[in-house]
Amino acid sequence: MTTASTVVNLAIIGCGGMGNRHLQGLAEYARSVAGLPGHAIFNLIAVSDPNAKNATLLADTALAEFGHRPAIFANPEAMFDAVPDIDAVDITTEPRLHESLSVLCLRAGKHVLVEKPMALTVAGCNAMMAAAQAANRVLAVAENYRFDPLVRLTKALLDARAIGDPWMVVDASIGSGGQIVITPWRHKRLYGGILLDVGVHNVDLMRYYAGPVLEVSARVALLDRVRKGLRPQGGVTGAPASPGAIYAITNANAGMPETMEPDVEDTAFSTLRFEAGMIGQWTLSHAGHAQGFGRKQYWGSEGSMEPAPPRSGTGPRVWRDGSSDPLTPEAMLSRVPGFAVDASTARLFGGERLASYHLDPVAIDCKIEAAVLSDFGRAIVTGTQPEVGGIEGRHAVAVVNALFESSHLNAPVLVADIEADVPAVSAWQHAIDRDLAGG
Ligand SMILES: NC(=O)c1ccc[n+]([C@@H]2O[C@H](COP(=O)([O-])OP(=O)(O)OC[C@H]3O[C@@H](n4cnc5c(N)ncnc54)[C@H](O)[C@@H]3O)[C@@H](O)[C@H]2O)c1
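Note that this is a predicted model, so its numbers are computed, not measured.

Visitor: Explain the overall build of the protein to me, please; I cannot follow it from the model alone.
Guide: Of regular secondary structure, the protein possesses 14 helices and 16 strands. Relative to its length of 439 residues, the protein is compact, with a C-alpha radius of gyration of 21 Å against a globular reference of 22 Å. By principal-axis analysis of the C-alpha atoms, the protein measures approximately 65 × 50 × 50 Å. Across the 439 residues of the protein, 49% fall into the buried class. The long-range share in the protein, meaning contacts at least 24 apart out of those at least 6 apart in sequence, stands at 76%.

Written out as structure tokens, the structure reads:
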């Protein structure tokens with residue numbers, strides 16, 4: 001049985017870009033968090049990836065970070081046979097495999113941390129939640145943006161009515177036209193597609209700030225029909241300048257085409273209604289050539305707010321009626337006297353009540369991944385729910401799928417009709433589930 005000083009033997013499944021970033025998060029966790037009372041101690045003992053080059057890269061980096069080399073396997077079944085004392089797995093594969101791998105690992109009795117999006121469809125999420133319940137194991141989704149301490153401050157300010165009663169939101173991001181976004185699979189329908197891959201972040205933050213989404217009315221489109229592969233010059237040498245620098249190696253290991261033809265929509269325009277009464281406009285497009293566009297803003301009965309951009313170090317900005325200047329950091333903090341981040345986040349970022357921080361992008365990424373791991377460890381040690389579990393992960397998947405369902409039905413859809421055990425709306429997702437089952 002787990003205790004306050006539990007050592008959690010961990011395996012990483014999926015050794016590409018995010019597998020490497022989670023490894024850096026583990027290293028940061030070991031440096032900054034693992035000694036805190038009641039926190040798990042993660043011990044990376046195995047990695048699995050059919051791409052032997054990626055698996056070897058991750059194992060070599062782990063050796064350099066931790067002084068011992070995790071065992072390498074091509075698949076999780078062989079890994080569990082050879083290393084039976086694995087307690088937990090961290091699944092960082094492409095989303096197409098999240099459901100099947102999570103169910104396999106939960107049935108093998110392992111706690112699971114799985115990257116976002118939780119699965120491609122609500123049915124996939126439901127299968128994962130049922131497996132976690134049957135096995136009595138933790139199922140956590142590595143939805144990292146909300147673990148930023150400045151996102152925590154944004155939420156505290158909204159809860160403290162810094163803009164009065166919040167009543168509307170605009171969330172718009174348009175960019176990445178013409179290029180393959182990070183990896184080719186992000187433009188394939190049976191791997192989830194770019195709107196799901198990115199959109200779950202937007203939904204999770206909106207849910208965090210404004211509560212669950214009630215209804216979605218949307219139009220989706222596939223605009224950019226040919227995308228070019230990114231061709232990094234050389235490999236990564238010395239310290240990486242950005243968390244994404246690792247893709248120069250992992251994409252070379254996997255192979256990057258000159259061009260590809262996406263088969264899934266890259267653009268969504270939508271109107272949202274939230275259960276708590278707010279209304280919103282959400283635009284997400286990866287077909288924006290040349291000039292990108294991005295803005296997020298909340299308005300309420302007494303003011304407006306730009307939430308903190310996650311992973312930037314920049315705090316939220318609050319404007320109150322009667323002043324054209326945003327509140328100073330001190331004025332913002334004085335509105336939330338009880339606000340403090342948890343002990344591990346405070347240790348990672350250097351304070352309980354930050355209104356900004358100054359760290360390079362790689363350090364920020366490591367620390368936020370460490371905070372995600374800290375919450376996963378807490379859930380394992382205490383036998384409680386992780387902050388982002390099945391309910392939260394599934395809601396994000398459901399709302400993104402609602403964009404497609406609504407657009408194809410040419411009508412608004414209720415998210416509850418998509419999330420129900422027997423969904424009233426499921427045509428788009430049903431076709432994906434059917435095609436996935438067919439291979
Ligand atoms: N939260 C974030 O900020 C963030 C950022 C990037 C990616 N992600 C998520 O991380 C996940 C992985 O994305 P990525 O960019 O690292 O992709 P990637 O293509 O770089 O890596 C995926 C890895 O999984 C491996 N893999 C494939 N099949 C496997 C199997 N059966 N068993 C084990 N490994 C297998 C691949 O060989 C590859 O090494 C996705 O779900 C993505 O959405 C999250």
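Visitor: Even after reading the chapter, I still don't get the domain arrangement of the protein, so can you show me in this structure?
Guide: Where interface size is quoted, it is often the accessible area lost as the parts come together. What the domain assignment reports for the protein is domain 1 (7-143) and domain 2 (146-380). Taken together, the contact pairs 34 residues of domain 1 with 36 residues of domain 2. Looking at the side of domain 1 that touches domain 2, the elements that each hand over two or more residues are α1 (17-32), α2 (52-66), β5 (111-115) and β6 (139-142). Per element, the largest residue contribution to the side of domain 1 that touches domain 2 is ten residues, and it comes from α1. Partitioning the side of domain 1 that touches domain 2 into residue classes produces 16 nonpolar, eleven polar and seven charged.

Visitor: Is there a simple way to explain the sheet that holds strand β4 (residues 88-91) in this structure?
Guide: Pairing between the strands of a sheet comes from backbone hydrogen bonds, and it takes one of two forms, parallel or antiparallel. Taken together, the six strands give an open sheet; going across it, the order is β3-β2-β1-β4-β5-β6, and neighbouring strands pair in parallel fashion. Where the open sheet ends on each side, the last strands, each with one partner, are β3 (71-73) and β6. Across this sheet, the average inter-strand angle for adjacent strands is 25°, counted without regard to direction. Bridge count between β4 and β5: four bridges; the pairing is parallel. When the bridges of β5 are listed, A88 appears paired with H111. Sheet strands touched by helix α11 (residues 361-382): β1 (7-13), β2 (41-48), β4, β5 and β6. Its angle to β6, the strand with the most contacts, is close to 175°.

Visitor: Can you walk me through unusual backbone geometry in this structure?
Guide: Among all residues except glycine, the phi angle is most often negative; among peptide bonds, the trans geometry is most common. P117 follows K116 through a cis peptide bond whose omega is -15°. Position of P117 relative to the elements: it lies in the loop between β5 and α5 (122-135). One non-glycine residue, R161, adopts positive backbone phi at about 60°.

Visitor: Would you explain the site of the ligand in this entry?
Guide: As a matter of local geometry, the ligand sits amid 23 residues, with G14, G16, G17, M18 and N51 nearest to it. Class assignment for the residues of the shell around the ligand results in seven nonpolar, eleven polar and five charged.

Visitor: Mind showing me how you'd approach the pairing of β5 here?
Guide: Regular strands show a simple pattern: their side chains alternate between the two faces of the sheet. Burial runs high along β5: five of the five residues are buried. Alternating residues of β5 divide into H111, L113 and E115 and V112 and V114, and every residue in both groups is buried. Bridging between β5 and β6 involves four bridges; their strand directions are parallel. Among the inter-strand pairings, V112 is bridged to a residue of β6, identified as L139. As for the winding sense of the linkage, the β-α-β connection from β5 through α5 to β6 is right-handed.

Visitor: Quick question: what am I supposed to make of α5 here?
Guide: Because an α-helix completes one turn every 3.6 residues, residues spaced three or four positions apart along the sequence face the same direction. In this model α5 runs 20 Å from its N-terminal to its C-terminal C-alpha over 14 residues, within 8% of the 20 Å that 1.5 Å per residue would give. Along α5, the residues classified as buried are V122, G124, C125, M128, M129, A131 and A132. Along its buried surface, α5 packs onto α4 (98-107), β6, α12 (390-409), α13 (415-419) and α14 (427-437). Looking one or two residues beyond α5, the residue adopting positive phi is N136, at roughly 55°.

Visitor: How should the packing of α1 against α11 be read in this particular structure?
Guide: Pairs of packed helices are described in terms of their axes, by the angle between the two and the distance that separates them. The geometry of α1 relative to α11 is characterised by a closest axis approach of 7 Å and an angle of 75° between their N-to-C directions. It follows from the interaxial angle that α1 and α11 lie roughly perpendicular. Side by side, α1 and α11 meet where R21, H22, Q24, G25, L26, E28, Y29 and S32 of the first sit next to D365, C366, K367, E369, A370, V372, L373 and S374 of the second. Its residues assigned to classes, the contact of α1 with α11 shows six nonpolar, five polar and five charged.

Visitor: Teacher, can you tell me more about the environment of R320 here?
Guide: Within the fold, R320 resides in strand β15 (residues 317-320). Of the residues examined, R320 has 17 C-beta atoms within 10 Å and is grouped as partly exposed. As a C-alpha pair, R320 and G164 span 156 residues in sequence and 8.9 Å in three-dimensional space. If we ignore the near neighbours within four places in the chain, the residues touching R320 are E302, G303 and L327.

Thresholds, definitions, all that
Residues numbered from 1 in each chain as written. Predicted model: local features only at pLDDT ≥ 70, side-chain atom pairs only at ≥ 80, totals over all residues. Helix = DSSP H or I, 4+ residues; strand = E, 2+ residues; numbered from the N terminus. Rg over C-alpha atoms; globule rule 2.2 N^0.38 Å. Buried ≥ 20, exposed ≤ 12 C-beta atoms within 10 Å, placed from the backbone. Contact = placed C-beta atoms within 7 Å. Domains from an automatic or database assignment. Nonpolar A, V, L, I, M, F, W, Y, C, P; charged D, E, K, R; others polar. Pairing = 2+ DSSP bridges. Axes fitted to C-alpha atoms, helices over the stretch in contact; angles between N-to-C directions. Near = placed C-beta within 6 Å. Right-handed = clockwise from strand over helix to strand, strands pointing away. Expected span 1.5 Å × (residues − 1). Parallel < 35°, antiparallel > 145°, perpendicular 65-115°, else oblique.

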